[in-house]
Amino acid sequence: QVQLVESGGGLVQTGGSLRLSCAASGRTFSIYRMAWFRQAPGKEREFVGSITWSTLRTYYADSVKGRFTISRDNAQNTVYLQMNSLKTEDTAVYYCAAHPTDRGSYEYWGQGTQVTVSS
């Protein structure tokens, strides 16, 4: 099992920045990739970006490319989502998720953290 705890959400104005954290514990050695997803009210959950645990290679959705950056603190087993130039359409609950090496999908999810961008 892997436990994930997100933090860092809040209210920010358009153009501002926030940094979300996702602390992983438990069987972290089994993680292949971690990702951030988000879900806005009335919309389906969407992929934001991911980072491969061992290579630190990152991938981003087109909607956030150039504005969001995912990084990992190896010592703390923590993944960050740095969000810059925030837009109102970035308002959502943000979730981190872990993809184990022996599974075909993201099996572990955090509880989510709310990000609200006001105009």
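Look a little higher up for the structure.
Presented here is an overview of the structure given in this document. (Residues numbered from 1 in each chain as written. Predicted model: local features only at pLDDT ≥ 70, side-chain atom pairs only at ≥ 80, totals over all residues. Heavy atoms only, no water.)

The final tally for this structure, using the stated rule, is 6 salt bridges. With its nearest N and O atoms 2.9 Å apart, the salt bridge here joins Asp90 to Arg38. Here Asp90 is found in the loop between strand 8 (78-83) and strand 9 (92-100), whereas its partner Arg38 is found in strand 4 (residues 31-39), with 52 residues between them in sequence. Of the two residues examined, Asp90 and Arg38, each falls in the buried class. One network of salt bridges, in which partners are shared, links Arg38, Glu46, Arg67 and Asp90. (Salt bridge = Lys/Arg side-chain N within 4 Å of Asp/Glu carboxyl O. Helix = DSSP H or I, 4+ residues; strand = E, 2+ residues; numbered from the N terminus. Buried < 20%, exposed > 50% of the residue type's maximum accessible area, 1.4 Å probe, protein only.)

A separate point is the environment of Tyr60. Here Tyr60 lies in strand 6 (residues 58-60). For Tyr60, the residues in contact, after removing those within four places along its chain, are Phe47, Val48, Gly49, Lys65, Phe68, Thr69 and Ile70. From its side chain, Tyr60 meets the backbone nitrogen of Ile70 in a polar contact 2.7 Å long. (Contact = heavy atoms within 4.5 Å. Polar contact = N/O pair within 3.5 Å; in protein donor to acceptor, adjacent residues only side chain to side chain.)

The subject of this paragraph is the sheet that holds strand 1 (residues 2-7). Pairing is antiparallel across the open sheet formed by 4 strands, whose spatial order is 1-3-8-7. Every interior strand has two partners, whereas the edge strands, strand 1 and strand 7 (68-73), have only one. Taking the axes of each pair of neighbouring strands and ignoring which way they run, one obtains an average angle of 20° across the sheet. (Pairing = 2+ DSSP bridges. Axes fitted to C-alpha atoms, helices over the stretch in contact; angles between N-to-C directions.)

Our next topic: the state of the cysteines. What the rule picks out here adds up to 1 disulfide. Paired through a disulfide, Cys22 and Cys96 show a sulfur-sulfur distance of 2.0 Å. The sign of the S-S torsion, about 60°, decides the handedness of the disulfide formed by Cys22 and Cys96: right-handed. Note that Cys22 is positioned in strand 3 (residues 18-26) and Cys96 in strand 9, a separation of 74 residues in sequence. (Disulfide = S-S within 2.5 Å.)

This brings us to the side chain of Arg72. Residue position: Arg72 is located in strand 7. With no salt bridge to any partner, buried Arg72 finds its closest opposite charge in Asp73, at an N-O distance of 7.2 Å. Within the structure, Arg72 has its side chain in polar contact with the backbone oxygen of Trp53 (distance 2.5 Å). Within the local environment of Arg72, its side chain forms a polar contact with the side chain of Asn74, the two groups lying 3.0 Å apart. Once residues within four sequence positions are removed from consideration, Arg72 is found in contact with Ile51, Trp53, Ser54, Leu56, Asn77, Thr78 and Val79. (Lys, Arg positive; Asp, Glu negative; His and termini not counted.)

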